[in-house]
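Secondary and tertiary structure notes
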Amino acid sequence: MKNLLYEIVTIIFNSAYEGKKAEYPQLHCLKKNEIIDLIFFLQYHRLDMFFWYSLSEHDKAIFSPQQLSMFETKESLFKWRYTKQIEIANIITKLFWDAGLEFVFLKGLPLVLTKYKNGWCRYFADLDVLMPIKDAKKGAELLNKEGYQFGFQDKCGISGFIQPASIRVASKEEIYFKEIFTHELCNLIKQYEDGFMS
């Protein structure tokens, strides 16, 4: 099974960057328990949506109706979340540009916009922003005026959209600890009217 997983992950990475369907002839040899193990492995390593996107209709036939439903539901949730994150990034960009702040988005957002043909496949639950220390406090103040607060997503499933999530407000100790002992501010988080959290 280990060699099979290595082959599948290699195919997934090639397919993700090219945005093409892939062929997985080895899938049709798997037993039911091996299919479950494969799905768990891919979910654990956050590759399941890249895998799902790359599957041909022929290869999707190995999954049970429940497994197909899980993938389809998750796909629609990922696409919704991707769209929401892009909308929020545009709002934050305008907010910071209008205030004359220097900043750049890091990690998830730039990757989904530049490296993947189908960015919605990639897990990303937040927007990471890098800015000079001189602008960080002003950036946090602007986000606070927009309804963001220092805090964390609490009691959530996969990136907050499998189970309803709530916000745990950060303590003063957590806020100060981040400012004093790390290179970042405490997370700023907001729950939108439709339940989306970023």
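Numbers given to residues run from 1 along each chain, matching the order in which its sequence is written. Restriction of local features to residues with pLDDT of at least 70 applies here, the model being predicted, together with a cutoff of 80 or more for giving and counting side-chain atom pairs; totals for whole chains, interfaces and linings are based on all residues. Based on all heavy atoms of the structure, the side-chain values leave hydrogens and waters out of the count.

Side note on the pattern of salt bridges
Quick reminder of the rule: Here a salt bridge means any side-chain nitrogen of Lys or Arg lying within 4 Å of a carboxyl oxygen belonging to Asp or Glu. Secondary structure counts use DSSP, requiring at least four H or I residues in a row for a helix and at least two E residues in a row for a strand, with both numbered from the N terminus.
Under the counting rule described, the total for this entry stands at seven salt bridges. One salt bridge connects Lys134 with Glu102, and the closest N-O pair in it is separated by 3.3 Å. With Lys134 in helix α7 (residues 133-145) and Glu102 in the loop between α5 (65-98) and β1 (104-106), this residue pair connects regions lying 32 residues apart in the sequence. Through salt bridges with shared partners, a single ionic network connects Glu102, Lys134 and Asp135.

Observations regarding the layout of surface pockets
Note the threshold: Using protein atoms alone on a 1 Å grid, points that fit a 1.4 Å probe yet trap it form a cavity, whereas open point sets bounded by protein on both sides within 12 Å along at least five of seven lines form a pocket; residues with an atom within 4 Å of a point count as lining. Grid points are joined across faces, edges and corners, and a volume is the space filled by probe spheres set on the points. In the scheme used here, Gly and all other residues not listed as nonpolar or charged are polar, with Ala, Val, Leu, Ile, Met, Phe, Trp, Tyr, Cys and Pro taken as nonpolar and Asp, Glu, Lys and Arg as charged.
Within this model, the largest pocket holds a volume of roughly 1,200 Å³. Forming the walls of the largest pocket are 36 residues, and the residues nearest its centre are Val129, Glu184, Leu185, Cys186 and Leu188. Within the residue set of the lining of the largest pocket, elements represented by two or more residues are α5, β2 (128-130), α7, β3 (149-154), α8 (172-181) and β5 (188-189). Per element, the largest residue contribution to the lining of the largest pocket is eight residues, and it comes from α7. When the residues that make up the lining of the largest pocket are grouped by side-chain class, the tally is 20 nonpolar, seven polar and nine charged.

What to know about a nonpolar patch on the surface
Definition in use: For patches, a residue must show more than 30% relative accessible area and have no salt bridge; joins then use 9 Å for like charges and 5 Å for nonpolar side chains, namely Val, Leu, Ile, Met, Phe, Trp and Tyr. Under the convention used here, a 1.4 Å probe and the Shrake-Rupley method define accessible areas, while residue burial counts only the protein chains that appear.
Together, Tyr176, Phe177, Ile180 and Phe181 make up a nonpolar patch on the protein surface, roughly 500 Å² of accessible area in all. Within the secondary structure, Phe177 is located in helix α8.

Re helix α2 (residues 32-44)
For clarity, the threshold we go by: Take the number of residues in a helix, subtract one, and multiply by 1.5 Å to get its expected span. The classification of residues rests on relative accessible area computed with a 1.4 Å probe and restricted to protein chains. Under 20% of the type maximum is buried, over 50% is exposed, and intermediate values are partly exposed. Our arc is simply the arc of the directions from the helix axis toward the C-beta atoms.
With 13 residues, α2 should cover 18 Å at 1.5 Å per step; its first-to-last C-alpha distance of 18 Å lies within 8% of that length. If you check which residues of α2 are buried, you get Ile35, Leu38, Ile39 and Leu42. The buried residues of α2 occupy an angular sector of 95° when the element is viewed end-on, so they sit on one face. The outward face of α2, more than 90 degrees from its buried face, is lined by the exposed residues Ile36, Phe40 and Tyr44.

Points about empty space enclosed by the protein
Applying the stated criterion to the full structure yields two cavities of 30 Å³ or more. By volume, the second largest cavity is sized at about 30 Å³. What lines the second largest cavity is Ser15, Ala16, Gly19, Phe50, Tyr53, Lys117, Asn118 and Cys121. Contributing elements (two or more residues each) for the lining of the second largest cavity: α1 (2-18) and α3 (48-54). Considered class by class, the residues forming the lining of the second largest cavity number four nonpolar, three polar and one charged.

Some remarks on the nonpolar core
The criterion, for reference: Only buried residues count toward a nonpolar core. Its members are Ala, Val, Leu, Ile, Met, Phe, Trp, Tyr and Cys residues joined through side-chain atoms within 4.5 Å. Residue contacts are counted whenever heavy atoms from the two residues lie within 4.5 Å of one another.
Counting residues in hydrophobic clusters, the biggest one holds 46 residues, and the most contacted among them are Leu27, Phe51 and Phe96. Taken together, the elements giving at least two residues each to this core come down to α1, α2, α3, α5, α6 (108-114) and α7. The biggest single contributor to this core is α5, with seven residues. Once residues lying within four places of it in the same chain are set aside, the contact partners of Leu27 are Ile8, Leu38, Phe51, Leu55, Asp59 and Ile62.

What to know about the environment of Asn187
Relative to the elements of secondary structure, Asn187 occurs in the loop between α8 and β5. Residue Asn187 is classed as partly exposed on the basis of its relative accessible area of 37%. Sequence separation of Asn187 and Pro65 is 122 residues, and the distance between their C-alpha atoms is 39 Å. Not counting residues within four places of it along the chain, the set of residues in contact with Asn187 comprises Gln149, Phe150, Gly151 and Phe152.

As for the confidence of the model for the protein chain
It should be kept in mind that the predicted coordinates are not to be read in detail where pLDDT is low. Under the convention used in this document: Confidence scores here are pLDDT values: one per residue, from the predictor, ranging 0 to 100.
Averaged over every residue, the pLDDT of the protein chain is 82; residues scoring 70 or more account for 91%. Contacts from residues 157-162, a stretch scored under 50 in pLDDT, to residues over four places away or in other chains number 14 contacts.

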